[in-house]
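# Residue-level structural notes
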Amino acid sequence: MKHHEILIAGFGGQGILFLGRVLAVAGMLEGHEVSWYPSYGPEMRGGTANCTVIISDEEIGATISDRPGVCIVMNEPSFFRFAPTVQPGGLLLVNTSLVRAKCEREDLEVLSVPANDLAKLYLDGAEVTNTIILGALLAWRPIVQRESAERALAECLRGKREKLYTLNLKALEVGWEFVEKGA
Amino acid sequence: MKHHEILIAGFGGQGILFLGRVLAVAGMLEGHEVSWYPSYGPEMRGGTANCTVIISDEEIGATISDRPGVCIVMNEPSFFRFAPTVQPGGLLLVNTSLVRAKCEREDLEVLSVPANDLAKLYLDGAEVTNTIILGALLAWRPIVQRESAERALAECLRGKREKLYTLNLKALEVGWEFVEKGA
Amino acid sequence: MEKILMRGNEAVAEAAVRAGCRLYFGYPITPQNEISEYLSLRLPQVGGVFLQAESEVAAIHMVYGAAATGARVMTSSSGPGVSLMQEGLSCLAAAELPCVVVNMSRGGPGVGNIQPAQSDYFQAVKGGGHGDYRLIVLAPSTVQELVDLTYRAFYLADKYRNPVEILGDGMLGQMMEPVTFREPEFPPLPPKDWAIRGKGGGHRKWIVCLDLDPKGLEELNLKLQRKYRLLEEQEANYDTFGDPEPEILLVGFGTVGRILKSVVREGMREGLKLALFRPITLFPFPRAALFEKAKGVKGILVVEMNLGQMLEDVELAVRGKVPVFFLGHTGGVIPTVSEILEHVHGLLREEIRV
Amino acid sequence: MEKILMRGNEAVAEAAVRAGCRLYFGYPITPQNEISEYLSLRLPQVGGVFLQAESEVAAIHMVYGAAATGARVMTSSSGPGVSLMQEGLSCLAAAELPCVVVNMSRGGPGVGNIQPAQSDYFQAVKGGGHGDYRLIVLAPSTVQELVDLTYRAFYLADKYRNPVEILGDGMLGQMMEPVTFREPEFPPLPPKDWAIRGKGGGHRKWIVCLDLDPKGLEELNLKLQRKYRLLEEQEANYDTFGDPEPEILLVGFGTVGRILKSVVREGMREGLKLALFRPITLFPFPRAALFEKAKGVKGILVVEMNLGQMLEDVELAVRGKVPVFFLGHTGGVIPTVSEILEHVHGLLREEIRV
Amino acid sequence: MKVVFERPKTLLEKPFTYCPGCHHGLAQRLIAEVIEELDIADRTIGVGPIGCSVYIYEFIDVDFVVGAHGRAPAIATGIKRSLPDRIVFSYQGDGDIAAIGTAEIIHAANRGELITAFFVNNAVFGMTGGQMAPTTLLGQKTKTTPLGRDPQVHGFPFRLGECLSVLEGSAYIARVALTRPQFIRQAKECIRKAFLTQMEGRGFSLVEILSPCPTNWGMSPKEAVDWLEEKMIPYFPLGELKVKGCDSREAP
Amino acid sequence: MKVVFERPKTLLEKPFTYCPGCHHGLAQRLIAEVIEELDIADRTIGVGPIGCSVYIYEFIDVDFVVGAHGRAPAIATGIKRSLPDRIVFSYQGDGDIAAIGTAEIIHAANRGELITAFFVNNAVFGMTGGQMAPTTLLGQKTKTTPLGRDPQVHGFPFRLGECLSVLEGSAYIARVALTRPQFIRQAKECIRKAFLTQMEGRGFSLVEILSPCPTNWGMSPKEAVDWLEEKMIPYFPLGELKVKGCDSREAP
Amino acid sequence: MPRARVVINREFCKGCALCTYACPRGILVISRDFNSRGYYPVMVTDEEHCAGCGFCAQVCPDVAIAVYRE
Amino acid sequence: MPRARVVINREFCKGCALCTYACPRGILVISRDFNSRGYYPVMVTDEEHCAGCGFCAQVCPDVAIAVYRE
Ligand SMILES: Cc1ncc(C[n+]2csc(CCOP(=O)(O)OP(=O)(O)O)c2C)c(N)n1
Ligand SMILES: Cc1ncc(C[n+]2csc(CCOP(=O)(O)OP(=O)(O)O)c2C)c(N)n1
Ligand code: SF4
Ligand code: SF4
Ligand code: SF4
Ligand code: SF4
């Protein structure tokens, strides 16, 4: 039975909530139960944002998770706050462009993706670190199919400029390739 | 066991509430349980006022009475409204100076006192019809002793001008005499 | 001690002054206007402050400010005005600020009318505002008890750092009865070292009613709950009267409580086995005592000037052990002794026997 | 039908528009701001009116005015804002004006915080305002149910001429789930011939929420009570899930209801005999159904994001026949599946067996 | 014989419930007359106050809504937004409009809400028995200022009209009295202008009507009228406080 | 070396919780400085708002009370009436003071309540995420005016300062901005005068502080400051709106 | 002098006497009989002298007077 | 030119850059290292040129700058 609890955290402006939404839509398109739940309110005034996405084959009860199985940290404060909460055996995906600290837990699978650097390198520094991370995540662990993620991107960017969609597809590719080819 | 439920009704300005208070204080001075309860609020905007005084040897439950044993009506609207509510066998005291209608109930004791006329006749038309009525009531039925009423008047007029007290004593006397001598 | 014939509204005002209340903020509403009218003259005489607020909303927050300084402070209103105070009361409870609120309640819902009613029971007792908070709620049934409970209200407010509501009604506020002002003796209270009075030489303090951290806010709530449990253990209060082994137990508070006393008296004269259970504290509700008292009775008749509010607390107290019946009036209609007695007869004849 | 991933707050807003709501008045407060933000764009598109009021007090009385014209109208808020609406809600109930109020509730009391909570149950269900009135209270537990109950809320409001409160919480408002907008088919409603629209050629009408005559006001109250009884008979609604003959019956509403579903699933996997009873209408509370369902269970565990409010209605429903236990969190803390399950184990081990 | 004066038909044929000498009735007569003359009774909706004039709906022959104390401007807003082609007016006392309802009237005016507000200023809370109102004059004795209003304690008489005139959304603000026939004539003209302001879509309109409360002032009706002229008018000067020009939108 | 500028001691040593470029911190620094310079920290009580600056009590080193949204003037009144010799100030955003709290601030001013109010006008509801405030400019886009504020629908930007200046009880009303060093100097002077107005018992005082909200305006801090100067100041002109003369009562 | 008629609704009148002060001819006085609501309504002493000005009707708070003129 | 010192509290600074516009000498720039709260604080490029005017400190919303002068 499929059941993923994914926590995504970082600065506001890093597209944390969007990344979560794309994941959730992809899960929905595949016919799973999904939920998306953001941090909200003055917490965001501090400049951080996070959200929890659950993709499951069972009706979803709680939409938050105190022990996420997958945790994506896009900056250092999030790393310190959330890395300790990941479920033993879980996956910690770290944006190493912004997180210098090293994870000392031995019971986690850690995937390091220098998303900002990849963006600079391959995408003129465009603000798509979130989608790069998504590509990397899906390449590492097929929570949803890559093509579902692509359809989800299309859906979530509906009404936006075409260019943006193309850019995000590229970013997905960059992340994906980074993992496939060598992370 | 002493138990009197007395309803007093008339125009605002006729001293209805004061009359009730004097009665209640007199009862209190005699060591009875007493309560005083006025009509209040916009009802008074229509220019009428009424209150219920209960004097009893038992703790008082309800402070209103849907079947008062004694009812004083100081004007015609009050007569029409309250005369029908008096307990069979009860006492209806009517200020005949202002009430032209006649009581058609046969089951009541009716005491007619032309209070305004008496005031004109004996007291230069001073506004003490209420105390005249009180005098008449007590002469007819000793709900409280006359001297208790006099002490109550003193108490209720404490801080007021001495003259007023004297005037009210006279008014009590006028009402009393009216009944004693001939009503 | 001298007895004075005094109107309920004026008596509560005088008692408040004698209890040390020095600030009053309120907005006119019938049937409790005599409270402010009395205090507008009386408070300045003792160096206190009477201020007519622009609304009940403003009034309750003025109370919040004054209470935060550690002063004894009061407001009063009726139905609609008390509804407007619900957010403020929730804040006062959250900040654990002592104060006294008088509700001389009247016919509702809506603007309703100004005659006596008890239909604000739920609001007062369950908490009409948001959040898990409680007021201490006292329900006097005579003017003398109104005076005595006013002293007590200020004491309990300070002792438990909790807002206290005195739940009266138009009848209690408007009627006159003889009263004496016996100053009660209460155990000494702890110093109000939490009060905000400017930091002076010492450390600064603050009083707030928020905590954006769920853990912190939950802790506050658990602390409040402990206080409410303590109140239930220590302060639940009631009055009983009548046959020690009644067939029918009458339950009513405030104005109805006194009417029920007459019913019991009248009924006993007729040979009925009746007793009265009159909660004096509505929160904490005297659950345990009522459960005890209900043992062995054939039925309980709850009478209220509403359509069945305290009824729920009675049912919760007796836990299905005894049948509970209800008689209510609302909208300013006051139940009469004869009507209730007739109802009791009816119960004895039909419902219970069957 | 197409599924869209939608935030609870936006879903309720869209459903309202589809249900024919054409006026919205409200004042910002977290965690429900997306409702107004959505409607500020959406309502003008369908010829409707979005107006940000100067306060919740103003908002609820704007609702009163618009409802009096017979229009479908809505407001939304959270805890403190809903407290400020209590007088207005009492007036709406008294005037029998249909409208929908959404409370995405948050941690209280006082300003509290903005995380999910269920501690406004008493306020919503018992009536936080003055007087003997009730709101119809609906408690959705998923975004889809939020949509469906929003349609229903407008229908029930019009059918019973009564304000309806949708009692959600910050979690339901903020989370996204897939939804479809199936337009439900409801039986036809009577014409709103009571609506105030200018007398035109006909006779003039008025809508007021007062009656200075106690008899008249009592009559209104009795009429309202008959309506509430009718609601209890006809509209009480709930959901059940799990073992048909459970040892432990879990009871919770809204967000907790969905968490309890996971608990039941998890517990059954472990071999426990568990079931869920989830009230969907909080007023009318599905008393009779719960009483039935409780038969034969060893115990009931009520879980709420407050410190025991619906608990009282559960106790009233089971009338002492079954032991009722409670687990609560408050202040924005959300109970977890594992915690609840542990509690269930504890009950089975100790409290019930003993 | 020609009619010099007859009771307008839009004023229903029943005796007012106000005290002798109270101007609530007079104010309502003028409103009824203007409604009749503008021939708008069929599409006019009134919003009543909580105060002595709560029963206004029993007197003026148009549809009415009455809600909570002080909230008439919000209720009127709800009605007007729902039915923009109706003519909506509110009627409030000084406690209703200038104490508890301060925020609602200010923001209705600030929004330029197309409603017409009538504000009966009698310097006292009438219905509740004569407590201080925001408009109570300095030194004036009321039930809650037994020694007279003291600005150090109770603040100053509140000039709502002036306050509203500052706001951009208000288009017509006037203050009138009804103590003499010529004042009454002027008052009626102001009431008419206020309605027209609404009908022409020019913005928010309000007429403040100074009014005696003999009962709570403790005066005879004549004394009250004299006191109003001597004491109130100097502090609350009569006249049009604000008249905003017509805009290009069509007249009715 | 001489000190040109140092953080005042009355401002506690912790980082502000506001967004980058937000002037809430700057405003609080100035208040803290004036309190320090007047040497009144020991007897000053602050009343906080509900809004982004709800945590003001964590920053200024005086006693504080925070209650419900919009009610700071009422709370301050309760405190001042209880402790008349303390210095009481409130601090509120535009939603707090000019929307939900309209009645409270108007009546506090009208009473001439001896408190000092600081009103941070950022033309938007900050804490709740950028909805329209009463002070939102015409055409300004916010979360609840997605197409810009339209006066026909949402009314006009509310000039609270001007409104309060009409009232007899207000003694000192000023509007300032903090976008340039010289504005900041003037602002501090106004803050000082406001406190002195209270200390001299002259009446109610208020300083309105125009402030950027880069987050909710969707601008960089620099753009926000420029927008404030270009758009806000013309509608909300800076300066002293009202200065009532000293009366004969003693200075502190 | 034009002939005029003043019609007083005795049941509506509350005897406030404001019309008596408004009448330039001084022909209105409070009567000594009260009406069914207990008020002493006003009456015209000398209709012949009525100017038909309508002032009385204008100032009557209870709209109890109608005035007609030839 | 008087010698002056600008002391920046890197942890308080949120990198809003308002000081960089206020500085008449243009010697403040945003640094490329973020602080523990994730902000990129400002830094002085050329303290020698500092006028000691204190404008930067005056306009700093986070009161993160102190300025000293000889
Ligand atoms: C919320 C609320 N608070 C208070 C009241 C009581 N109340 C009724 S009318 C009124 C004021 C009456 O004064 P005003 O508005 O000046 O009108 P008037 O009676 O003088 O015409 C008040 C305070 C109420 N009905 N509701
Ligand atoms: C009764 C109530 N209504 C609404 C809110 C939600 N709320 C919190 S702060 C705020 C307004 C914030 O805006 P403003 O006062 O302008 O201050 P800023 O955050 O912009 O500094 C609102 C509406 C609340 N806490 N309480
Ligand atoms: S109390 Fe005053 S305002 Fe009310 S009806 Fe009487 S005179 Fe008029
Ligand atoms: S949201 Fe606006 S007002 Fe609030 S802290 Fe950020 S910039 Fe300041
Ligand atoms: S019409 Fe004129 S003259 Fe005639 S009674 Fe009336 S006021 Fe007097
Ligand atoms: S003015 Fe009207 S109410 Fe007054 S006495 Fe004359 S007719 Fe009667």
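Residues numbered from 1 in each chain as written. Chains lettered and ligands numbered in written order. Predicted model: local features only at pLDDT ≥ 70, side-chain atom pairs only at ≥ 80, totals over all residues. Heavy atoms only, no water.

The name that an unreviewed UniProt entry assigns to chain E is 2-oxoglutarate oxidoreductase, with the source organism given as Candidatus Caldatribacterium californiense.

The name that an unreviewed UniProt entry assigns to chain A is 2-oxoacid:ferredoxin oxidoreductase subunit gamma, with the source organism given as Candidatus Caldatribacterium californiense.

Attention now moves to the overall build of chain A. Across its full length, chain A carries six helices and six strands. Listing each helix as α and each strand as β along chain A from the N terminus yields β-α-β-β-β-α-β-β-α-α-α-α. Taking 16 Å as the expected radius of gyration for a compact globule of 183 residues, we find that chain A reaches 15 Å, a close match to that expectation. Based on the C-alpha atoms only, the size of chain A along its principal axes is roughly 40 × 40 × 35 Å. Residue burial in chain A is summarised as follows: out of 183 residues, 55% are buried. Taking the contacts inside chain A whose residues are at least 6 apart along the sequence as the reference set, 57% of them involve residues at least 24 apart. Carbon and sulfur atoms provide 50% of the accessible area of chain A, an area that totals close to 7700 Å². Measuring between centres, the 18 positive side-chain charges of chain A sit 7 Å from its 23 negative side-chain charges. (Helix = DSSP H or I, 4+ residues; strand = E, 2+ residues; numbered from the N terminus. Rg over C-alpha atoms; globule rule 2.2 N^0.38 Å. Buried < 20%, exposed > 50% of the residue type's maximum accessible area, 1.4 Å probe, protein only. Contact = heavy atoms within 4.5 Å. Areas by Shrake-Rupley, 256 points an atom, 1.4 Å probe, with all protein chains shown as cover. Lys, Arg positive; Asp, Glu negative; His and termini not counted. Charge placed at Lys NZ, Arg CZ, Asp CG, Glu CD.)

On to the interface of chain D and chain C, then. Contacts between the two partners involve 59 residues from chain D, matched on the other side by 59 residues from chain C. Taken together, both faces of the contact between chain D and chain C bury some 4600 Å²; the carbon and sulfur share is 59%. Residue Lys 126 of chain D pairs with Glu 312 of chain C through a salt bridge whose shortest N-O separation is 2.8 Å. Counting every contact that joins chain D to chain C gives 34 residue pairs in polar contact (both at pLDDT 80 or more). Elements with a minimum of two residues in the side of chain D that touches chain C: helix 4 (79-84), helix 5 (86-94), helix 6 (121-127), helix 9 (214-234) and helix 12 (310-318) of chain D. Per-class residue counts for the side of chain D that touches chain C are 18 nonpolar, 27 polar and 14 charged. (Buried area = accessible area lost by both parts, 1.4 Å probe. Salt bridge = Lys/Arg side-chain N within 4 Å of Asp/Glu carboxyl O. Polar contact = N/O pair within 3.5 Å; in protein donor to acceptor, adjacent residues only side chain to side chain. Nonpolar A, V, L, I, M, F, W, Y, C, P; charged D, E, K, R; others polar.)

This part covers the site of ligand 3. In the vicinity of ligand 3 lie 11 residues, with Cys 19, Cys 22, Cys 52, Asn 122 and Cys 213 of chain E positioned nearest. More than a single chain frames ligand 3: its nearby residues are located in chains B and E. Among the elements that take part in the shell around ligand 3, helix 8 (residues 214-217) of chain E stands out by supplying three residues, more than any other. Its residues assigned to classes, the shell around ligand 3 shows six nonpolar, four polar and one charged. (Near = heavy atom within 4 Å.)

Turning our attention to the nonpolar core. Counting 441 residues, the largest nonpolar core has Ile 300 of chain C, Phe 195 of chain E together with Phe 195 of chain F as the members making the most contacts within it. For Ile 300 of chain C, the contacting residues outside a window of four places in its chain are Leu 249, Val 251, Ala 294, Val 314, Val 318, Val 322, Pro 323, Val 324 and Phe 325 of chain C. (Core = buried A, V, L, I, M, F, W, Y, C linked by side-chain atoms within 4.5 Å.)

Let us now look at the environment of Ile 191 of chain F. Residues and elements named next belong to chain F. The topology assignment puts Ile 191 in helix 7 (residues 181-199). Residue classification places Ile 191 among the buried residues on the basis of a relative accessible area of 1%. Here the alpha-carbon distance between Ile 191 and Gly 139, two residues 52 residues apart in the chain, equals 31 Å. Apart from residues no more than four positions distant in its own chain, Ile 191 is found in contact with Leu 30, Ile 31, Val 34, Phe 118 and Val 207.

Quick look at the relation of the copies chain D and chain C now. In screw terms, the move from chain D to chain C is a rotation of 180 degrees and a rise of 0.0 Å along the axis, fitting with an RMSD of 0.0 Å. Taken together, the rotation and translation describe the operation of a two-fold axis. Considering only C-alpha atoms, the residue of chain D closest to the rotation axis is Gly 128 of chain D, which sits at 1.8 Å. Interface residue correspondence from chain D to chain C reaches 100%, placing this contact among same-surface, isologous pairings. (Least-squares fit on C-alpha atoms with pLDDT ≥ 70 in both.)

Okay, the packing of aromatic side chains next. Counted under the stated rule, the structure contains 42 aromatic pairs over all chains. Where Phe 64 of chain F meets Phe 89 of chain F, the ring centres are 5.8 Å apart and the plane angle is 85 degrees; that geometry is what we call edge-to-face. Highlighted residues: Phe 64 of chain F in strand 3 (residues 63-66) and Phe 89 of chain F in strand 4 (residues 87-93), separated in sequence by 25 residues. Both residues of the pair, Phe 64 of chain F and Phe 89 of chain F, belong to the buried class. Look at Phe 89 of chain F and Phe 118 of chain F: their rings are 5.9 Å apart centre to centre, the planes differ by 65 degrees, and that puts the pair in the edge-to-face class. On the criterion of sequence distance, the pair formed by Phe 89 of chain F in strand 4 and Phe 118 of chain F in strand 5 (residues 116-121) is long-range, its members being 29 residues apart. Summarising the burial analysis for this pair, Phe 89 of chain F and Phe 118 of chain F share the class buried. Feature note: the residues Phe 64, Phe 89, Phe 118 and Phe 195 of chain E constitute an aromatic cluster, connected by ring pairs. Note that Arg 161 of chain C overlies the ring of Trp 194 of chain C, its terminal NZ or CZ placed 4.2 Å from the centroid. The positively charged end of Arg 18 of chain D is found above the aromatic ring belonging to Phe 181 of chain D, 4.4 Å away from the centroid. (Phe/Tyr/Trp six-rings, centres within 6.5 Å; stacked < 30°, edge-to-face > 60°. Lys NZ or Arg CZ within 6 Å of the ring centre and 35° of its normal.)

Turning our attention to the interface of chain B and chain G. On the chain G side, the residues contacting the six residues of chain B number six residues. When chain B packs against chain G, close to 420 Å² is buried across both sides, 54% of that on carbon and sulfur atoms. It is Phe 11, Leu 98 and Arg 100 of chain B in chain B that bury the most area against chain G; as a group they hold 67% of the surface buried on that side. At the junction of chain B and chain G, the tally comes to zero residue pairs in polar contact (both at pLDDT 80 or more). Here the side of chain B that touches chain G is composed, by residue class, of three nonpolar, one polar and two charged.

This part covers the packing of helix 2 (residues 72-82) of chain F against helix 4 (residues 102-110) of chain F. Residue and element names in this part refer to chain F. Running from amino to carboxyl end, helix 2 crosses helix 4 at an angle of 40 degrees, the nearest separation of the two axes being 7 Å. Classified by the angle their axes make, helix 2 and helix 4 are oblique. The segment helix 2 lies against helix 4, with Pro 73, Ala 74 and Thr 77 engaging Glu 104, Ile 105 and Ala 108. (Axes fitted to C-alpha atoms, helices over the stretch in contact; angles between N-to-C directions. Parallel < 35°, antiparallel > 145°, perpendicular 65-115°, else oblique.)

We now examine the sheet that holds strand 1 (residues 2-5) of chain F. Ordered by their spatial adjacency, three strands build an open sheet running 1(F)-4(H)-1(H), and the pairing between neighbours is antiparallel. The two strands at the open ends of the sheet, each matched to only one other strand, are strand 1 of chain F together with strand 1 (4-8) of chain H. Averaged over all adjacent pairs, the angle separating strand axes in this sheet is 25 degrees, with direction ignored. Alignment of strand 1 of chain H against strand 4 (residues 65-69) of chain H, held across five bridges, turns out to be antiparallel. Along strand 4 of chain H, the bridge assignment pairs Arg 5 of chain H with Tyr 68 of chain H. (Pairing = 2+ DSSP bridges.)

Here the focus is the site of ligand 2. Around ligand 2 sit 25 residues, and of these Glu 56 of chain D together with His 24, Asp 94, Asp 96 and Gly 126 of chain F come closest. Those chains with residues close to ligand 2 are chains C, D and F. In the environment of ligand 2, an oxygen atom lies 2.8 Å from a nitrogen or oxygen atom belonging to the backbone of Gly 95 of chain F. Between Asp 96 of chain F and ligand 2, the recorded distance is 2.8 Å, taken from a backbone N or O atom to an oxygen atom.

Let us now look at the confidence of the model for chain E. Residue and element names in this part refer to chain E. Summing up the model confidence of chain E, the mean pLDDT is 96 and the portion of residues at 70 or higher is 97%. Segment residues 246-252: pLDDT under 50, and 14 contacts once partners within four positions in sequence are set aside and those in other chains are kept. Of the two predicted TM-score estimates for the complex, the pTM is 0.97 and the ipTM is 0.97. (pLDDT = per-residue confidence, 0-100.)

Attention now goes to unusual backbone geometry. Residues Gly 108 of chain C and Pro 109 of chain C are joined by a peptide bond in cis, for which omega reads -5 degrees. Within the secondary structure, Pro 109 of chain C sits in the loop between strand 5 (99-105) and helix 6 (121-127). Positioned with a positive phi, Asp 39 of chain F is a non-glycine residue whose angle comes to about 60 degrees. With respect to the helices, strands and loops of the structure, Asp 39 of chain F is situated in the loop between helix 1 (24-38) and strand 2 (44-48). The backbone phi angle of Val 63 of chain G is positive, close to 50 degrees, even though this residue is not glycine. As for its position among the elements, Val 63 of chain G is in the loop between helix 2 (55-59) and strand 4 (65-69).

Glancing now at the UniProt feature "domain: Thiamine pyrophosphate enzyme TPP-binding" (unreviewed entry) in chain E. UniProt's feature table lists "domain: Thiamine pyrophosphate enzyme TPP-binding" (unreviewed entry) at residues 58-209 of chain E, given in the numbering used throughout. Note that residues 58-209 of chain E is 37% helix and 23% strand, and that its end C-alpha atoms are spaced 20 Å apart. (UniProt positions renumbered as here; feature names shortened; annotations may be inferred.)

Time to look at helix 6 (residues 162-181) of chain B. All names here are of chain B. The terminal C-alpha atoms of helix 6 lie 28 Å apart, and with 20 residues this matches the ideal 28 Å at 1.5 Å per residue to within 8%. Buried within helix 6 we find Asn 168, Ala 171, Leu 172, Val 174, Gly 175, Trp 176 and Val 179. At its buried positions, helix 6 is contacted by helix 1 (16-29), strand 6 (109-113), helix 3 (115-123), helix 4 (129-140) and helix 5 (146-156). (Expected span 1.5 Å × (residues − 1).)

Let us now look at the arrangement of the chains. Among the 16 pairs of chains that make contact, the interface with the largest number of contacts is formed by chains C and D. Structurally, chain B and chain H remain out of contact, their C-alpha atoms never closer than 57 Å. A gap remains between chain E and chain H, which never touch, and the nearest two C-alpha atoms on either side lie 32 Å apart.

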